[in-house]
2 protein chains.
Amino acid sequence: MNLLLVEPSEREEPGLARVDGRRARHLRRVLGKGVGDSLRVGELDGEVGEGTIEHMDADAAWIRYVLHEPPPPPSPVSLVLALPRPPMLRRTLQAVTSLGVKRIVLLHAARVEKSFWTSHSLTPEAIDEQLRLGLEQARDTVRPRVELRRRFRPFVEDELPGWATGRRVLAEPEPGAAAPRASEEPTTVAIGPEGGWVPFELEQWRAAGFGPVSLGPRILRVETAVVALVTRLGPA
Amino acid sequence: MNLLLVEPSEREEPGLARVDGRRARHLRRVLGKGVGDSLRVGELDGEVGEGTIEHMDADAAWIRYVLHEPPPPPSPVSLVLALPRPPMLRRTLQAVTSLGVKRIVLLHAARVEKSFWTSHSLTPEAIDEQLRLGLEQARDTVRPRVELRRRFRPFVEDELPGWATGRRVLAEPEPGAAAPRASEEPTTVAIGPEGGWVPFELEQWRAAGFGPVSLGPRILRVETAVVALVTRLGPA
């Protein structure tokens, strides 16, 4: 936790917040912080700055803070991700949030196991937890928007044209695909399931204007490929 | 497992190997493979090609195979990594192996917890397992060399000058550091512990010719930062 994320609703007065639960335990037990110690603070969806622990009890910590700068700039890369298996989903959401991705669609595909959609990791609370961990890691305050789409074709045919602005990129381990190019331009990248997209899906992506890019001959795990692509497609 | 990795010692005759244990179970249970099914095969430290399952019993599978091409090219990036906590170490070794890194030093530093050095994850068998998982993922056959260095100063002062050929890069979240530049040139990147290097260590890195590069204002988890750096520093 490199930044304590407080919510506007946790303010007891302007510049004084009471935090409890995981964050209070982490401050005390992992970071070993006590009354008088300082730390980086940010308000959810707001600015970041500095704070001091004014008081602690068994359950909570009271932080006095001043916000004075904007959170780090967002990544121009948005993700359409075939739903990965639950542990990989959790790590991927946290990692891409820490990289500043702000728009994520989790999409069904022929090679996504249906059981993944019933995972506890897809509840709004479980997703929100991973996003907050990613923000705390990267000292950001702005959660990405995560949307679930359980039907491939209606999303790609009907919704995607309005959703994907700028460059459109399909991540493929295929030979012949172009290497990713760094850019400030808004970019949407679609990343397939383990085992890849099926031919029908590939046709749909092509019809939607997604050109293949490749990270080379190596097949990477989803969580590795996503980090590599967001890094390579974003600003140099 | 995108490639079945066999060892020369597992050959029963040229082009026929018997594999057991984790790989045999994975073939049967996860991939659902049976007699007559084909799969990608590689020999440890050798070439890759295609094989067919000739026979299976409760414990093992016999694979007939032909090797016909070299493994994917290695990454020019070598890593000196302050020893991360064990779960992160396992994921990081697997990820960087899948990215083709071939030389890794795990180094002590002031902010590395001493207890990390007693982890089971540092046994040769445990490290080897992660390397093989990374190779199987990326269809590679050549394990990275992983060395453990429990004393910071003798390594950086005495060993590193011979070890680090080419570019020398210190990963830092500091403002003012240069952005990483893609290159085919051999590059050694040093990545600090959670909490960063202490001032004495930073001086040692500078004295050893390591110039700071930054991935921007975001502080990333080690496993995310490593993937981002290897991707950004390697060939475009």
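Residues numbered from 1 in each chain as written. Chains lettered and ligands numbered in written order. Predicted model: local features only at pLDDT ≥ 70, side-chain atom pairs only at ≥ 80, totals over all residues. Heavy atoms only, no water.

Some points on the overall build of chain A
Inference 1: Each helix and strand in chain A was counted, giving 6 helices and 12 strands.
Inference 2: Principal-axis analysis of the C-alpha atoms gives chain A an extent of 60 × 40 × 30 Å.
Inference 3: Residues counted as buried form 55% of the 236 residues belonging to chain A.
Inference 4: Summarising the internal contacts of chain A: among those between residues at least 6 apart in sequence, 70% fall at separations of at least 24. (Helix = DSSP H or I, 4+ residues; strand = E, 2+ residues; numbered from the N terminus. Buried < 20%, exposed > 50% of the residue type's maximum accessible area, 1.4 Å probe, protein only. Contact = heavy atoms within 4.5 Å.)

Observations regarding the relation of the copies chain B and chain A
Inference 1: Turning chain B through 180 degrees and shifting it by 0.0 Å along the axis lays it on chain A, with an RMSD of 0.0 Å. A rotation of that kind, with that shift, is consistent with a two-fold axis. For chain B, the smallest separation between a C-alpha atom and the rotation axis is recorded for B:A228, amounting to 2.8 Å.
Inference 2: An overlap of 100% is found between the interface residues of chain B and their copies at the interface of chain A, pointing to a shared contact surface. (Least-squares fit on C-alpha atoms with pLDDT ≥ 70 in both.)

Here we look at the interface of chain B and chain A
Note: interface size is frequently given as the accessible area lost on complex formation between the parts.
Inference 1: Every contact between the two is made by 28 residues of chain B and, on the other side, 29 residues of chain A.
Inference 2: In total, chain B and chain A occlude about 2,300 Å² of area from one another, counting both sides; carbon and sulfur atoms represent 58% of this.
Inference 3: At the boundary of chain B with chain A, the tally comes to 2 salt bridges.
Inference 4: Here chain B is connected to chain A by 12 residue pairs in polar contact (both at pLDDT 80 or more).
Inference 5: Put simply, the parts of the chain that give the side of chain B that touches chain A at least two residues each are helix 2 (86-98), helix 3 (124-138) and helix 6 (222-233) of chain B. (Buried area = accessible area lost by both parts, 1.4 Å probe. Salt bridge = Lys/Arg side-chain N within 4 Å of Asp/Glu carboxyl O. Polar contact = N/O pair within 3.5 Å; in protein donor to acceptor, adjacent residues only side chain to side chain.)

Some thoughts on the sheet that holds strand 8 (residues 103-107) of chain B
Residues and elements named next belong to chain B.
Inference 1: Pairing in this open sheet of 6 strands is parallel, and the strands run 9-8-7-11-10-12 from one edge to the other. Unpaired on one side and paired on the other, strand 9 (145-149) and strand 12 (211-213) mark the two borders of the sheet. Between one strand and the next, the sheet's axes are offset by a mean angle of 25 degrees, whatever the strand orientation.
Inference 2: Pairing analysis gives 4 bridges linking strand 10 (residues 167-171) to strand 11 (residues 187-191), with the strands arranged parallel. When the sheet's bridge partners are listed, R168 is paired in strand 11 with T188.
Inference 3: Across the sheet, helix 2 touches strand 7 (77-82), strand 8 and strand 9, and the angle it forms with strand 8 is around 160 degrees. (Pairing = 2+ DSSP bridges. Axes fitted to C-alpha atoms, helices over the stretch in contact; angles between N-to-C directions.)

So, the environment of B:E194
Residues and elements named next belong to chain B.
Inference 1: Mapping E194 onto the fold places it in the loop between strand 11 and helix 5 (199-207).
Inference 2: For E194, a relative accessible area of 46% puts it in the partly exposed group.
Inference 3: A C-alpha to C-alpha distance of 12 Å links E194 and L89, two positions 105 residues apart in sequence.
Inference 4: Excluding residues that lie within four positions of it along the chain, E194 makes contacts with R85 and R111.
Inference 5: A distance of 3.1 Å separates the side chain of E194 from the side chain of R85, its partner in a polar contact.

Looking at the packing of helix 2 (residues 86-98) of chain A against helix 3 (residues 124-138) of chain A
All names here are of chain A.
Inference 1: Between helix 2 and helix 3, whose axes approach to 7 Å, the crossing angle comes to 40 degrees. Relative to helix 3, helix 2 is oriented oblique. Here helix 2 runs over helix 3; the crossing is right-handed. Where helix 2 approaches helix 3, its residues R90, L93, Q94, T97 and S98 are matched on the opposing element by I127, Q130, L131, L133, G134, L135, Q137 and A138.
Inference 2: The residue inventory of the contact of helix 2 with helix 3, partitioned by class, reads 6 nonpolar, 6 polar and 1 charged. (Parallel < 35°, antiparallel > 145°, perpendicular 65-115°, else oblique. Left-handed = near helix turned anticlockwise from the far one by under 90°. Nonpolar A, V, L, I, M, F, W, Y, C, P; charged D, E, K, R; others polar.)

Examining the nonpolar core
Inference 1: In terms of nonpolar packing, the biggest core is built from 103 residues, with A:L160, A:W205, B:L160 and B:W205 touching the most fellow members.
Inference 2: Setting aside chain neighbours within four positions, we find A:L160 in contact with A:V80, A:F155, A:W205, A:A208 and A:F210. (Core = buried A, V, L, I, M, F, W, Y, C linked by side-chain atoms within 4.5 Å.)

A word on the packing of aromatic side chains
Residues and elements named next belong to chain A.
Inference 1: Considering all chains together, one arrives at 12 aromatic pairs over all chains under this definition.
Inference 2: Put simply, the rings of F152, W197, F200, W205 and F210 pair up and form one aromatic cluster.
Inference 3: If you follow R103 out to its NZ or CZ, it ends over the ring of W163, 4.0 Å from the centre. (Phe/Tyr/Trp six-rings, centres within 6.5 Å; stacked < 30°, edge-to-face > 60°. Lys NZ or Arg CZ within 6 Å of the ring centre and 35° of its normal.)

A word on the domain arrangement of chain A
All names here are of chain A.
Inference 1: You can read the domains of chain A as domain 1 (4-69) and domain 2 (77-233).
Inference 2: Each of domain 1 and domain 2 has a C-alpha centre, and the two are 33 Å apart.
Inference 3: Taking both partners together, domain 1 and domain 2 bury about 930 Å²; carbon and sulfur atoms supply 47% of that area.
Inference 4: Together, L5, R22 and D45 form the three largest contributors to the area buried by domain 1 at its contact with domain 2, with a combined 54%.
Inference 5: Counting the contacts that link domain 1 with domain 2 gives 4 salt bridges.
Inference 6: With a shortest N-O distance of 2.9 Å, R132 and E7 are connected by a salt bridge.
Inference 7: Along the contact surface separating domain 1 from domain 2 lie 5 residue pairs in polar contact (both at pLDDT 80 or more).
Inference 8: For the side of domain 1 that touches domain 2, the leading source of residues is strand 4 (residues 38-43), giving 3 residues.
Inference 9: Across the side of domain 1 that touches domain 2, the residue classes tally to 3 nonpolar, 2 polar and 7 charged. (Domains from an automatic or database assignment.)

Thoughts on the pattern of salt bridges
Residues and elements named next belong to chain B.
Inference 1: Taken as a whole and assessed by the stated rule, the structure comprises 46 salt bridges over all chains.
Inference 2: The shortest N-O distance in the salt bridge between E10 and R23 comes to 2.5 Å. One end of the pair, E10, is in the loop between strand 1 (4-6) and strand 2 (11-13); the other, R23, is in helix 1 (residues 21-30), and 13 residues separate them in sequence. Each member of the pair, E10 together with R23, is buried.
Inference 3: Between R85 and E113 there is a salt bridge, with its nearest N and O atoms 3.9 Å apart. Highlighted residues: R85 in the loop between strand 7 and helix 2 and E113 in the loop between strand 8 and helix 3, separated in sequence by 28 residues.

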